[in-house]
Amino acid sequence: MLCFKNLPDTAPALCRGIWKSSQRLFSSQGQFPLTQNVTVVEGGTANLTCRVDQNDNTSLQWSNPAQQTLYFDDKKALRDNRIELVRASWHELSISVSDVSLSDEGQYTCSLFTMPVKTSKAFLTVLGVPEKPQITGFTSPVMEGERMQLTCKTSGSKPAADIRWFKNDKEVKDVKYLKEEDANRKTFTVSSTLDFLADRSDDGAVVSCRVDHESLNSTPQIAMQVLEIHYTPLVKIISSNSWPEEGQSIVLTCESKGKPVPEPVLWTKDGGELPDPERMVVNGRVLSISFLNKTDNGTYRCEAKNPIGRNSTEYVLIVHDPNALAGHTGPDHAVIGGIVAVVVFVTLCSIILLGRYLARHKGTYLTNEAKGAEDAPDADTAIINAEGSQVNAEEKKEYFI
């Protein structure tokens, strides 16, 4: 019996059934199921969805990576209480897997039962959440100058987590990083070591280890450690008077900083005890000296110590005479007066020397003229004239003062 397309209602039932089946087969042959890869955090819920745009009563099925059927249309095939049906229709089959573990990771298959069967793959990625990090290697307290090695460690991350170090919110870059595969061969244990020399500036600093991972939803896990560094005292003397004068008072404050806190400071003068306890009063770290006089001049030392060590500093006290303050600028005028006197003296000496020089040369000329040397034709005549003119010599003399 032949069956044709668009059969009338009076056609045999067998032909109508064959015709409808062929229609469903032809309409679904051009369709493929559509799926998407899914990423979920370990312990979370994964939703797997398979869709077909056009489907004439053709069944859909979800299978796990082991090719076990999970759902065939709306019928559950695998006894796993974690797997539930979300939606089942001719165009969609959606299921959910709760409390996902690392073993659930893999490739899931959605099948559309046409002739032939058409499939689509969806890969389920499970992220391993890193454990809360811990910092080891710190022993309190640490002495200044000692080497510190702090290690931050976290396990169970997939993929491997990233570790960063911070000191008072400032990132420290020079660190060591180590990644190891866990026994399950799926997750990783990562560790990082911070190596540095303890310094007094690190006392009270907050060192933090931060673990970043895509499973943490931009909320990193942080472990913190407050550093305690012991160091010798740092000593400084502060004076209340920058120009102390006789009769005034002065207060010297010894500032000492150390850890542990330094004991009460020790004040000395010129290497010995304070000479005048009645005027030189020590109150804690403060030395007060009243009614200053010249005998108070000297070197004052402040010394502080703690169980780590000791340190000291000095202050040189010079007590000034208030009566000499008015003439404080006198030396400048004296210097100027001295310079002027020297200049005047040098000038007078120069004038005298110049006058004597001129007088000496002019006198010689007139003396020769008085002898009559310029009128003689030769040397012999000049001598004779000179001898004969001794009488007139007195008339030609010129005198110089």
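What counts and what doesn't
- Residues numbered from 1 in each chain as written.
- Predicted model: local features only at pLDDT ≥ 70, side-chain atom pairs only at ≥ 80, totals over all residues.
- Heavy atoms only, no water.
- UniProt positions renumbered as here; feature names shortened; annotations may be inferred.
- Helix = DSSP H or I, 4+ residues; strand = E, 2+ residues; numbered from the N terminus.
- Buried < 20%, exposed > 50% of the residue type's maximum accessible area, 1.4 Å probe, protein only.
- Areas by Shrake-Rupley, 256 points an atom, 1.4 Å probe, with all protein chains shown as cover.
- Contact = heavy atoms within 4.5 Å.
- Disulfide = S-S within 2.5 Å.
- Polar contact = N/O pair within 3.5 Å; in protein donor to acceptor, adjacent residues only side chain to side chain.
- Phe/Tyr/Trp six-rings, centres within 6.5 Å; stacked < 30°, edge-to-face > 60°.
- Lys NZ or Arg CZ within 6 Å of the ring centre and 35° of its normal.
- Pairing = 2+ DSSP bridges.
- Axes fitted to C-alpha atoms, helices over the stretch in contact; angles between N-to-C directions.
- Core = buried A, V, L, I, M, F, W, Y, C linked by side-chain atoms within 4.5 Å.

- You'll find the protein chain entered in an unreviewed UniProt entry as Cell adhesion molecule 2, with Malurus cyaneus samueli given as the organism.
- Its UniProt record gives the protein chain a comment under Sequence similarities (unreviewed entry), which states: "Belongs to the nectin family."
- Here is the UniProt Subcellular location (unreviewed entry) comment for the protein chain, exactly as written: "Membrane".

**Observations regarding the overall build of the protein chain**
- Counting secondary structure elements, the protein chain contains three helices and 25 strands.
- Among the 401 residues that make up the protein chain, the fraction classed as buried is 33%.
- Working note: accessible area of the protein chain is about 25,200 Å², and carbon and sulfur atoms make up 54% of it.

**Let's talk about the side chain of Thr268**
- Residue position: Thr268 is located in strand E21 (residues 266-269).
- Thr268 gets classed as buried once you look at its relative accessible area, which sits at 17%.
- Those residues in contact with Thr268 that lie beyond four places of it in its chain are Leu274, Thr299, Tyr300 and Arg301.

**Brief notes about the state of the cysteines**
- Applying the stated criterion across every chain yields a total of three disulfides.
- Each disulfide pairs two cysteine sulfurs, and for Cys50 the partner residue is Cys110, the sulfurs being separated by 1.8 Å. Every disulfide takes its handedness from the sign of the S-S torsion; for Cys50 and Cys110 that torsion is -75°, giving left-handed. Of this pair, Cys50 sits in strand E2 (residues 46-51) while Cys110 sits in strand E8 (residues 106-112), and the two are 60 residues apart along the sequence.

**What about the side chain of Asp202?**
- Looking at the element boundaries, Asp202 is found in the loop between strand E16 (188-197) and strand E17 (206-212).
- At 3.4 Å, the side chain of Asp202 forms a polar contact with the side chain of Lys167.
- Setting aside residues no more than four positions away along its own chain, Asp202 makes contact with Lys167, Phe196, Leu197, Leu227 and Ile229.

**Side note on the environment of Cys302**
- Looking at the secondary structure, you find Cys302 in strand E24 (residues 298-306).
- Under the relative-accessibility criterion, Cys302 is labelled buried at 0%.

**Notes on the packing of aromatic side chains**
- Scanning all chains against the criterion turns up one aromatic pair.
- Taking the ring centre of Phe32 as reference, the NZ or CZ of Lys118 above it sits at 4.6 Å.
- A cation sits over an aromatic face here: Lys167 above Phe196, 4.3 Å from the ring centre.

**Considering the sheet that holds strand E15 (residues 176-181)**
- Read from one edge of the open sheet, four strands run E10-E12-E16-E15, paired in antiparallel fashion. Taken across any chain shown, the strands that pair with only one partner, and hence form the sheet edges, are strand E10 (134-136) and E15. This sheet shows a mean twist of 20° between the axes of neighbouring strands, independent of strand direction.
- Looking at chain direction, E15 and E16 are connected through six bridges and run antiparallel. The partner of Glu181 across the bridge, within E16, is Phe188.

**Focus on the environment of Ile83**
- Its place among the elements puts Ile83 in strand E6 (residues 83-88).
- Considering only alpha carbons, one finds Ile83 and Asn47, 36 residues apart in sequence, at a separation of 9.8 Å.
- With near-sequence residues (within four places) excluded, Ile83 lies in contact with Leu70, Tyr71, Lys76, Leu78, Ile95, Ser96 and Val97.

**Side note on the pairing of E6**
- One ladder, built from five bridges, connects E6 with strand E7 (residues 92-97); its direction is antiparallel. Across the sheet, Ile83 pairs through a bridge with Val97, a residue of E7.

**Concerning the nonpolar core**
- One finds Leu60, Trp62, Ile95 and Leu124 to be the most contacted residues of the largest nonpolar core, which totals 22 residues.
- Of all the elements in the fold, those that place two or more residues in this core are strand E1 (38-41), E2, strand E3 (60-63), strand E4 (69-72), E7, E8 and strand E9 (118-127).
- One finds Phe138, Val142, Ala161 and Leu194 within the second-largest nonpolar core, a separate group that totals 20 residues.

**A look at the sheet that holds strand E20 (residues 250-259)**
- Spatial strand order, E11-E19-E20-E23-E22: five strands in an open sheet with mixed pairing. In the strand order of this sheet, the two ends are held by strand E11 (142-143) and strand E22 (280-283), each with one partner.
- By the bridge criterion, two bridges tie E11 to strand E19 (residues 229-239) in an arrangement that is parallel. Along E19, the bridge assignment pairs Met143 with His230.

**Overview of the pairing of strand E13 (residues 162-167)**
- As defined by bridge partners, E13 adjoins E17 across six bridges and the pair is classed as antiparallel. Considered in E17, the bridge of Arg164 is made with Arg210.
- With three bridges connecting them, E13 and strand E14 (residues 170-172) associate as antiparallel partners. Paired with Lys167 across the bridge in E14 is Lys170.
- Here E13 folds back onto E14 in antiparallel fashion, the turn holding two residues, of which Asn168 has a positive phi close to 55°.

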